[in-house]
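# What the coordinates show
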Amino acid sequence: MRLKRTAVLGAALTALVTVTGCSSSWGEDAGLAKAGDLAGVERIVSEHTLCSDLRAASGDGSMNEESKDPAWGIGQRAVCGDDREDTLTLLTVTDMQKFQEANRKAAASGGGSRFLIGQDFALVPGDERVAEKLKDSGTLLFTCEKDFKIPDGYRQEELLVDGCALTDYLPAPLPG
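This section reports on the structure supplied with the text.

About the criteria used
Residues numbered from 1 in each chain as written. Predicted model: local features only at pLDDT ≥ 70, side-chain atom pairs only at ≥ 80, totals over all residues. Heavy atoms only, no water. Phe/Tyr/Trp six-rings, centres within 6.5 Å; stacked < 30°, edge-to-face > 60°. Helix = DSSP H or I, 4+ residues; strand = E, 2+ residues; numbered from the N terminus. Buried < 20%, exposed > 50% of the residue type's maximum accessible area, 1.4 Å probe, protein only. Arc of directions from axis to C-beta. Contact = heavy atoms within 4.5 Å. Polar contact = N/O pair within 3.5 Å; in protein donor to acceptor, adjacent residues only side chain to side chain. Pairing = 2+ DSSP bridges. Axes fitted to C-alpha atoms, helices over the stretch in contact; angles between N-to-C directions. Disulfide = S-S within 2.5 Å.

Taken as a whole and judged by the stated rule, the model has 6 aromatic pairs. Plain terms: the ring middles of F99 and F115 are 4.9 Å apart, the flat faces sit at 65° to each other, and that makes the pair edge-to-face. Taken as a pair, F99 in helix 4 (residues 96–108) and F115 in strand 4 (residues 115–117) lie far apart in primary sequence, 16 residues in all. On the accessibility criterion, F99 (0% relative accessible area) is buried.

Let us look at unusual backbone geometry. Within the chain, D53 stands out as a residue other than glycine whose phi angle is a positive 60°. Looking at where D53 falls in the secondary structure, it is placed in strand 1 (residues 52–56). Not every positive phi belongs to a glycine, and M63 is a case in point at roughly 65°. Take M63: it is sitting in the loop between strand 1 and helix 3 (64–68). On the basis of relative accessibility, which here comes to 5%, the residue M63 falls in the buried class.

What helix 2 (residues 38–46) keeps buried is the set L38, G40, V41, I44 and V45. For helix 2, the angular spread of buried residues about the axis comes to 160°, placing them on one side. Buried positions along helix 2 lie against strand 2 (74–81), strand 3 (87–93) and strand 5 (121–124). The N-cap of helix 2, judged by a side-chain oxygen 3.3 Å from the amide nitrogen of A39 a few residues on, is D37.

A word on the pairing of strand 2. Most of strand 2 sits out of view: 6 of its 8 residues are buried. Across 6 bridges, strand 2 lies against strand 3 in antiparallel orientation. Bridged to R77 within strand 3 is L91.

This brings us to the sheet that holds strand 6 (residues 140–143). Strand order in the open sheet formed by 7 strands is 1-2-3-5-4-6-7, with antiparallel pairing between adjacent strands. Two strands lie at the open edges of the sheet, namely strand 1 and strand 7 (165–167), each paired on one side alone. Direction aside, neighbouring strands of the sheet carry axes that sit 30° apart on average. Inspection of the sheet shows strand 4 paired to strand 5 by 2 bridges, in the antiparallel sense. For L116, the partnering residue across the bridge sits in strand 5 and is L123. Sheet strands in contact with helix 2 are strand 1, strand 2, strand 3 and strand 5, and its direction is about 135° off that of strand 3. Against the sheet, helix 4 contacts strand 2, strand 3, strand 4, strand 5 and strand 6, and its axis sits at roughly 160° relative to strand 4.

A separate point is the state of the cysteines. Taken as a whole, this structure holds 2 disulfides when the rule is applied. One disulfide bridge connects C51 with C80, the sulfur atoms lying 2.0 Å from each other. The chirality of the disulfide connecting C51 with C80 is left-handed, given an S-S dihedral of about -110°. Remark: C80 occurs in strand 2 and C51 occurs in the loop between helix 2 and strand 1; sequence separation between them is 29 residues. Between the sulfur of C144 and that of C164 lies a disulfide, 1.9 Å long from S to S. Negative torsions about the S-S bond denote left-handed disulfides, and the value of about 95° found for C144 with C164 makes this one right-handed. One end of the pair, C144, is in the loop between strand 6 and strand 7; the other, C164, is in the loop between strand 6 and strand 7, and 20 residues separate them in sequence. Judged by its relative accessible area of 16%, C164 is buried. Ordering the disulfide-forming cysteines of the protein by sequence position, one finds them joined as 1-2, 3-4.

Remember, this is a structural readout, not a statement about activity or role.
Pasting the structure below:
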């Protein structure tokens, strides 16, 4: 009898996880990196390109105004330099659904940006060279540009919002 109850309980939990989608974090199935915090984002970036002089961004880099708006779901924002002193903007994202939705809305009104995103962070590289170096960092390109097309042969992953793309295709120019 105990075995039967255990089997029923296990089936119920499996069904609950399936219905609620709580089996994993968003992006985990796509193999996206998870940073946890700003130090984790810096570690991920530093494995692929130089991220020197990490500092809280007081106006440097991109996403300055958006990082102050709670609708974007951005936790922390910082910038660092690469080996050519270009600025790389690092963002921790506390709510990826809000982040994606805010970018979709911004793109619909002529704004929005291209980002490299992981499960809980976003990056705005200073140039295509830096973006290429970050290609193997567990991030994918996220954009909500209206006419953005992914060529055959490139990945296209699921997002939390419709009308945007998540891919390993990195067209130029990349910076947001």
